[in-house]
Amino acid sequence: MAGRDLRKRALRTAAAAAAIAVVAPRLALGVGGTVVNGTTGAPQAGVALTLSSFRGGMTPIEETVSQSDGSFEFSKALPAVSSGQPFAGAIRAEHDGIGYTEILRGGEAHDSVRVTVYSVSERQLPAPINRVLILEPGGEELLLRESFQFVNDSNPPVTYSSADGTLNFYLPPEAQGGVDVSGTGPAGMPLRSSALPAGPENIYKVDFPLKPGENRIDLQYAVPYEDGMPFTTRSTYPRVNTRLAAPAGVSLEGVGVASLGQEPTTLASIYTVPEGPAVTLTVSGSGQLRTGAASGAGGQAEISIEQAPVSKELPWIAGLAIAILGLGFYHLLSSRVPQQSGARVAKQG
């Protein structure tokens, strides 16, 4: 009996050792995988890749380049993260000057990561599908936030980028060229961008890459303010759907401007405007959009339309929610830096 127990114990020990032998190499593996061009469907060689850890902030660990078959491998493994941190790190890939980010989750093997990049096109750039302008007057300054929503449904999928700008916009001369720009790609990571003069007076351009999926470009600028002042907003996309939002205590009046009612969470008043290149408003009062208890990080708040007919305004529920998330843009870009003529930042996203 004793001999039989010893044999069973030995078998269990051997089985456990075998299991450890199988698992241990997997846990010890570094990060690797394949880079695929989502436009052609083929492996993509020569892509610069950077592995970063999220432990203690975003820290670069190692760099490499994809091989002729698209394969890549980092020799270093990602450091372990706490159980409350779902993300262990990220791989940033740069192809044709455009950055792509693949998030790596904690507690998973990362030896067969698929990183997708796309070919770049400068032709048939999509126009924004929605534009939301948020006006927040206070003291002697009118703070304006513009949000442009894009959908890149190209087939085959490509990333749009152009030196002439994926967005052209009007900046009032009273802003004196001072505008903050942020872009958010399908990965949902807001990134600083830049605006440069586009040629025509007071028209600026932003070359933020529009990757396959939903993208957003946010602007923030300020002009001098007096209660009851007229303000003209112009659009370089006359047919784009536009909505206005203003805090409680602020009224907007103008030809063709109509109220949709008040959103209960932020107490924002929502307005429609007629199609066309320009709308002149009379802005009265002062106030800031408040953030509710359900707000996300950075004081962001969501906004929705409660007023009927829902079927007609349903697309704006999502569009305005995205725009009001720009409230967090103030915290992200807390200091306005006037754009330098000729300055240019790397295209990211």
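Residues numbered from 1 in each chain as written. Predicted model: local features only at pLDDT ≥ 70, side-chain atom pairs only at ≥ 80, totals over all residues. Heavy atoms only, no water.

Caption draft 1: Just the packing of aromatic side chains, in detail. Summed over all chains, the structure comprises three aromatic pairs. Ring plane angle 70° and centroid distance 5.9 Å describe the contact between Phe72 and Phe74, whose orientation is recorded as edge-to-face. Both residues of the pair, Phe72 and Phe74, count as buried. Ring geometry for Tyr100 against Tyr118: centres 6.0 Å apart, planes inclined by 50°, an arrangement best described as tilted. Taken together, the residues span a long stretch of sequence, with Tyr100 in strand β6 (residues 98–105) and Tyr118 in the loop between β7 (113–117) and β8 (120–121) at a distance of 18 residues. Each member of the pair, Tyr100 as well as Tyr118, is classed as buried. Positioned above the aromatic ring of Tyr100, the side-chain terminus of Lys211 is 4.8 Å from the ring centre. Sitting above the plane of the Tyr170 ring, Arg234 keeps its charged end 5.6 Å from the centroid. (Phe/Tyr/Trp six-rings, centres within 6.5 Å; stacked < 30°, edge-to-face > 60°. Buried < 20%, exposed > 50% of the residue type's maximum accessible area, 1.4 Å probe, protein only. Helix = DSSP H or I, 4+ residues; strand = E, 2+ residues; numbered from the N terminus. Lys NZ or Arg CZ within 6 Å of the ring centre and 35° of its normal.)

Caption draft 2: How the structure looks around the pairing of strand β12 (residues 167–170). Side chains of β12 alternate between two faces, with Leu167 and Phe169 and Asn168 and Tyr170 buried alike. Sheet analysis places β12 next to strand β16 (residues 203–206), joined by four bridges and oriented antiparallel. Each bridged residue has a counterpart across the sheet, and for Tyr170 the counterpart in β16 is Ile203. (Pairing = 2+ DSSP bridges.)

Caption draft 3: Quick peek at the pattern of salt bridges. By the definition in use, this model includes four salt bridges. When the shortest N-O distance is used, the salt bridge between Arg92 and Glu94 registers 3.9 Å. On the basis of relative accessibility, which here comes to 25%, the residue Arg92 falls in the partly exposed class. The partner of Glu136 in a salt bridge is Arg145, and the shortest N-O contact between them spans 2.8 Å. (Salt bridge = Lys/Arg side-chain N within 4 Å of Asp/Glu carboxyl O.)

Caption draft 4: Focus on the sheet that holds β16. Here we have three strands laid out as an open sheet, ordered β12-β16-β15, and antiparallel in their pairing. Pairing within the sheet leaves two strands with one partner each, and these edge strands are β12 and β15 (196–197).

Caption draft 5: Structural view of the environment of Phe150. One can find Phe150 in strand β10 (residues 141–152). A residue is classified by how much of its surface remains accessible, and Phe150, at 0% relative accessible area, is buried. Phe150 sits 62 residues away from Pro212 along the chain, and the two C-alpha atoms are 9.9 Å apart. Among residues more than four places away in sequence, those in contact with Phe150 are Pro126, Ala127, Pro128, Thr166, Leu167, Leu210, Gly213, Glu214, Asn215 and Ile217. (Contact = heavy atoms within 4.5 Å.)

Caption draft 6: Molecular detail of unusual backbone geometry. The step from Asn155 to Pro156 runs through a cis peptide bond, and the omega angle for that step is 0°. Tracing the chain through its elements places Pro156 in the loop between β10 and β11 (159–160). One non-glycine residue, Asp96, lies in positive phi territory at about 55°. Relative to the assigned elements, Asp96 resides in the loop between β5 (87–95) and β6. Given the relative accessible area of 54%, Asp96 is considered exposed. Of note, Asn202 is a non-glycine position whose phi angle comes to about 70°, a positive value. Looking at the element boundaries, Asn202 is found in the loop between β15 and β16. Residue classification places Asn202 among the partly exposed positions, given a relative accessible area of 22%.

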